[in-house]
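Read off the chains here:
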Amino acid sequence: MDVDEIKVAVLRIEGTNCEDETVLAFKNLGVFCEAVHLKQFYSDMIRDDEQRNITDYHCLVFPGGFSAGDYVRAGAIFSARTKSVLQKDIENFIKTGYPVLGICNGFQVLVELGALPGFDEDKPIAEKPEMALGVNESNRFECRPSFLKHENRGKCVFTRKLKKDVVMFPVAHAEGRVIFPMGKEDEFVEKLKENDQIVFRYVNDKGDYAGYPWNPNGSYYNIAGICNVKGNVFGLMPHPERVFWSYQHPDERSDEYGDGKAVFESVIEYLKRF
Amino acid sequence: MYKKINVPFDLYEIDLLNADDEQLKKISEEMGLALNVDEMKRIKEYFKQKGRNPYDIELQSLAQAWSEHCCYKSSKYYLKQFLFNVSADYIISAIKEDAGVVEFDEEHAYVVALESHNHPSAIEPYGGAATGIGGILRDVLCMGAQPIALVDPLFFGNLDVKHEDLPKGTKHPLYLLSGVVAGIRDYGNRVGIPTVAGMVFFDENYLTNCIVNVGCIGIAKKKNIVPSKAERGDIFILVGGLTGRDGIHGVTFASAELDEKSEEEARGAVQLGNPIMKEPLIHACLEVVEKGLCTGLKDLGGGGLSCVIGEMALAAGFGAEVYLDKVPLKEKGMAPWEIWISESQERMMLSVKPQYVDDVLYIFQKWDIPATIVGRVNEDKILRIYYQGYKIYEMDIEFVTSGPEYCRPYVSKKPEVDEIEEIAEPTNYKDVFLKMLSHPNVASKEWVIRQYDHEVRANTVVKPLQGRINRETHGDAAVIKPTSSFKGLAITSDVNPWKTKIDPYWGTASTFDEMVRNLVAVNSKPHSFADCLNFGNPEKPERMGEFVESVKALGWMASGFGLPCVSGNVSFYNETPYQSIPPTPTLLGVGIVEDIRKAITSYFKTKGNAVVLIGETLKEFGGSVYSAVTNQKSFLVPRTSPEKLKNYSNAMLESFKNFKVYACHDISDGGLAIAIAEMCIGSHLGFESVNKLDFVELFSESNTRWVVEVKESDLKDYIDFFVSKGLKAKHVGFVADETISFGSFKIDVDEAEKVWREGLTRFTGW
């Protein structure tokens with residue numbers, strides 16, 4: 001696929017609030033990208049020129065924010081609505097190999113949806129969630145920079161062009177603590193490792209695994225982001241779109257690219273070869 | 001006095017025509033109008049000419065329009081005299097609308113608004129602060145602008161006050177702080193607008209009235225700026241949340257003193273916020289604006305519907321009619337007057353040409369936001385309201401909006417010139433320094449700042465916390481990059497209530513000085529400012545005196561410096577029978593950063609670099625942290641002048657062009673010692689002074705000073721640069737390893753950092 005053929009949709013409903021900067025990150029790299037309201041896929045009230053189909057796109061993104069207010073469990077409402085109208089479409093989308101990204105609230109949506117950890121290639125959306133993103137150990141919302149060690153060996157299509165071992169993406173969330181079923185934590189981690197599904201782990205400024213505040217939410221095994229078994233669905237709590245440019249990093253003031261660019265670049269590279 | 005009208009809903013006629021003064025007073029009290037007898041008599045006169053008595057909805061409407069909150073009746077006279085006379089050619093709209101509009105570049109304008117939400121927050125901190133954020137967002141949105149940054153200066157009583165010492169009906173400051181911060185967090189984070197600046201200040205005089213100010217900056221294409229003004233033939237469309245009984249009498253409640261009964265009486269005056277209605281409301285309104293589908297846009301804030309439709313119509317020289325029964329409600333059985341003045345949140349009014357009505361309704365439907373036609377523009381300047389076919393309101397809009405204006409008597413406080421200055425050298429420098437560092441007004445505000453998403457929208461270039469990751473220090477101003485160019489906006493908010501308490505005039509001048517210093521410190525050119533003037537009861541001459549002195553100082557500094565005041569808000573009656581707040585003229589300063597890649601941060605960068613003190617240090621300790629922690633009286637609040645501030649600011653900005661400046665920090669609370677400590681903490685570097693610094697040099701809070709880090713090889717030229725302009729610059733030391741050494745005492749950075757970090761969290765927990 002040529003770059004100018006690639007079309008990306010950033011899904012939105014009320015309360016998603018990082019779609020503008022996410023759309024911009026893709027646009028900066030020359031691909032078509034637009035924010036699409038979930039209703040544009042199914043609602044009768046939408047005018048013809050604004051109606052959309054999943055098959056119009058080659059990549060879907062669930063952006064950050066507080067979808068529907070996140071008053072229940074973060075991401076629960078957005079995923080329930082998505083599941084009720086688009087489950088089949090998204091299943092086919094993932095099976096075909098098209099990439100899906102979830103950032104922060106989007107990661108929570110993908111977990112609630114059952115698309116992550118996504119152990120079963122034939123059934124990319126599990127019947128019920130297999131993990132959870134729980135309330136931070138500090139028990140409140142925190143906004144801070146975080147260092148991430150890239151541990152993926154090549155499966156995740158969103159980080160293949162990442163050259164650095166450790167990157168800085170900021171986090172800003174109240175519910176980002178990776179939790180696996182009680183008693184099965186190590187089993188899950190082993191499986192994720194074995195399948196090369198672990199993508200980012202929180203580390204300190206020296207690149208070592210460390211506790212709070214370096215692991216800002218108390219995630220199990222310092223996990224910050226994972227992909228599904230096929231490598232085309234990726235969710236992470238930190239925000240790569242907030243460090244697309246170096247001037248968005250703390251105290252870097254050049255017009256170079258920032259650490260986050262590689263995520264968007266990698267998926268575009270993947271689609272070019274698709 | 002009250003006669004029920006025979007209609008199928010609640011409507012009363014009020015017998016004003018036969019009422020004597022005593023009865024007029026009683027009517028005002030019983031209906032919760034907060035109007036005085038003279039004002040009631042003026043209304044009586046109006047209806048006498050009409051030959052009829054008013055309905056309840058008409059009186060209620062006048063009470064909203066003539067409240068202190070809506071018509072600035074006590075402040076307007078002095079604001080016009082002292083403050084509103086600074087202009088600049090880049091101002092697009094100042095003071096007249098809900099927010100100030102200022103040119104950013106050829107294509108864009110930025111929008112500024114600053115407001116108080118004090119009374120609601122004192123009663124219900126979480127909801128009060130959240131709806132404060134909601135309100136300020138609408139003020140910016142209604143100009144057609146995308147909100148891009150929030151600012152929240154907060155003021156509370158001392159956190160160590162004992163529960164048994166609280167006056168009756170007063171809530172503990174720690175409860176208020178936690179509630180207010182949570183309210184701002186949960187609303188601001190959900191709507192996705194970063195909270196990038198603010199302040200948190202503690203003083204015993206805020207015990208019975210906490211002060212919650214909220215500011216917002218927006219960005220718009222100039223061509224999309226929308227006035228709060230309808231056009232001939234327009235249809236009024238009400239959009240957003242449903243209307244309920246929450247927030248009835250909010251403005252009249254805010255225009256009187258609080259007392260121990262306010263809790264039960266005024267709980268209903270506090271609105272309920274819903275950020276997940278606001279977030280799509282912003283998208284939908286901006287889509288309507290971008291497509292050019294509305295002629296006017298105005299937010300429903302204080303006074304609700306009653307302060308919107310008439311004003312939008314009159315602004316264009318017209319009148320309007322309203323079908324009040326069309327307004328979608330939260331609950332059944334609301335009387336028409338309640339619907340008319342309810343301050344329910346997340347509502348906006350659009351005036352739309354008839355041919356675009358369907359397009360507008362579609363956009364709101366797409367976002368699942370209620371949108372309803374509620375009226376239209378008429379030719380005559382009269383507002384008529386219909387309810388189920390009955391006419392229940394007919395008044396000249398010009399009469400409704402012609403609120404009274406008072407030139408209230410005032411007594412200026414005499415600064416205590418005869419008092420003895422007690423300020424003396426400390427017996428133990430280090431002890432005093434540690435006490436200053438750990439004072440909640442100085443200590444790290446990380447606990448607050450981290451709870452706000454200051455990065456959402458990905459435009460926060462200079463962040464509120466600066467330095468090595470996870471152990472940052474405070475910055476002077478945040479810098480936002482609002483468009484695709486490298487031009488930026490610096491944002492800061494400042495006020496020093498300890499100084500204004502002693503001397504409202506010089507305290508306010510110092511506040512202005514600090515705002516400018518902060519903007520300059522990040523390498524931005526001060527461009528405009530907004531004020532939120534929080535004071536006590538203006539009917540008391542000594543409170544009015546504080547207000548007048550403060551406004552005078554602000555006008556003197558602003559006109560001398562040439563900085564226009566583009567938006568503002570006055571909040572009086574921050575007073576209870578127990579106490580009044582200190583004068584609190586909060587300022588929100590905006591600066592233009594020519595290139596965000598050249599913005600400067602506050603923490604030391606490299607060991608061995610030279611540290612220069614710019615400005616003059618005098619023995620000025622009035623309202624200082626030093627006098628507070630040593631319990632020494634001082635009345636000499638630091639002086640300044642607009643000329644001096646301007647000369648230094650220009651020289652600083654020029655020096656940033658001519659020299660490589662590694663760090664810059666303004667000197668404010670706690671003086672040079674605290675400024676240097678903060679610069680060290682952000683990088684875990686130390687400081688070594690070249691001479692022994694005494695307590696005046698270390699702790700005085702003289703205005704118009706900065707600390708600057710430059711290469712040692714540039715040191716001589718840098719100082720000469722200032723001296724050649726007749727300004728003061730002095731080499732005070734070098735950036736060093738891990739120890740802060742002032743000659744008179746020294747301390748490890750780690751030790752200083754620990755007390756500074758725990759100054760606030762020892763009360764709040766982490």
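Residues numbered from 1 in each chain as written. Chains lettered and ligands numbered in written order. Predicted model: local features only at pLDDT ≥ 70, side-chain atom pairs only at ≥ 80, totals over all residues. Heavy atoms only, no water.

(A) Region of the structure containing helix 7 (residues 125-141) of chain B. Given a rise of 1.5 Å per residue, 17 residues ought to cover 24 Å, and the 24 Å separating the end C-alpha atoms of helix 7 of chain B matches this to within 8%. Where burial is concerned, most of helix 7 of chain B is hidden: 16 out of the 17 residues are buried. (Helix = DSSP H or I, 4+ residues; strand = E, 2+ residues; numbered from the N terminus. Expected span 1.5 Å × (residues − 1). Buried < 20%, exposed > 50% of the residue type's maximum accessible area, 1.4 Å probe, protein only.)

(B) Inspection of the environment of Pro464(B) at higher detail. Residues and elements named next belong to chain B. Looking at the element boundaries, Pro 464 is found in the loop between strand 16 (460-462) and strand 17 (465-466). Residue Pro 464 is classed as buried on the basis of its relative accessible area of 12%. It is 29 Å that separates the C-alpha atoms of Pro 464 and Gln 345, two residues lying 119 residues apart in sequence. Ignoring sequence-local partners within four residues, the contact set of Pro 464 consists of Val 196, Ile 449, His 454, Thr 473, His 474 and Gly 475. (Contact = heavy atoms within 4.5 Å.)

(C) Here's a closer look at the pattern of salt bridges. With the rule as written, the count across this model stands at 70 salt bridges over all chains. A salt bridge links Glu19(A) to Arg12(A), with the shortest nitrogen-to-oxygen separation between them at 2.9 Å. Comparing Glu19(A) with Arg12(A) shows no difference in burial state: the two are buried. Where Arg471(B) meets Asp750(B), a salt bridge forms, and the shortest distance between an N and an O atom there is 3.5 Å. Residue Arg471(B) is located in the loop between strand 17 and strand 18 (473-474), and its partner Asp750(B) is located in helix 26 (residues 749-764); the two are separated by 279 residues in the primary sequence. In the salt-bridge network here, residues are joined through shared partners; they are Glu446(B), Arg450(B), Arg468(B), Arg471(B), Glu472(B), Asp750(B), Glu753(B) and Arg757(B). (Salt bridge = Lys/Arg side-chain N within 4 Å of Asp/Glu carboxyl O.)

(D) How the structure looks around the sheet that holds strand 20 (residues 488-494) of chain B. All names here are of chain B. With mixed pairing, the 6 strands of this open sheet are ordered in space as 16-19-20-23-21-22. This sheet does not close on itself; its edge strands, each paired only once, are strand 16 and strand 22 (565-571). Between one strand and the next, the sheet's axes are offset by a mean angle of 25°, whatever the strand orientation. Note: strand 21 (residues 525-534) against strand 22, 6 bridges, orientation parallel. Counterpart to Ala 530 in the pairing with strand 22 is Ser 567. Each of strand 20, strand 21 and strand 23 (584-593) touches helix 19 (residues 504-521); the most contacted strand, strand 23, lies at about 25° to it. (Pairing = 2+ DSSP bridges. Axes fitted to C-alpha atoms, helices over the stretch in contact; angles between N-to-C directions.)

(E) Local environment of unusual backbone geometry. Here the residue pair Leu116(A) and Pro117(A) is connected by a cis peptide bond, since its omega of 5° sits within 30 degrees of zero. Locating Pro117(A) in the fold gives a position in the loop between helix 3 (105-113) and strand 5 (132-134). Cis rather than trans, the peptide bond between Tyr212(A) and Pro213(A) has omega equal to 0°. For Pro213(A), the position within the fold is in the loop between strand 9 (198-203) and strand 10 (223-227). For Asp196(A), which is not a glycine, the phi torsion comes out positive at approximately 60°. The backbone phi angle of Ala458(B) is positive, close to 60°, even though this residue is not glycine. In this structure, Ala458(B) sits in the loop between helix 17 (446-449) and strand 16. Judged by relative accessible area, Ala458(B) falls into the buried class, the value being 7%.

(F) Just the sheet that holds strand 8 (residues 211-221) of chain B, in detail. Residue and element names in this part refer to chain B. Judged by pairing direction, the sheet is mixed, and its 6 strands sit side by side in the order 3-4-5-8-6-7 without closing on themselves. The outermost strands of the open sheet, each flanked by one partner alone, are strand 3 (91-93) and strand 7 (195-202). The sheet shows a mean angle of 20° between the axes of neighbouring strands, taken without regard to direction. Relative to strand 4 (residues 100-103), strand 3 runs antiparallel, the two sharing 2 bridges. The residue of strand 4 that forms the bridge with Ser 93 is Val 101. Packed on one face of the sheet, helix 7 meets strand 5 (108-116), strand 6 (146-156) and strand 8 and runs near 30° to strand 8.

Shape is all these values report; function is a separate question.
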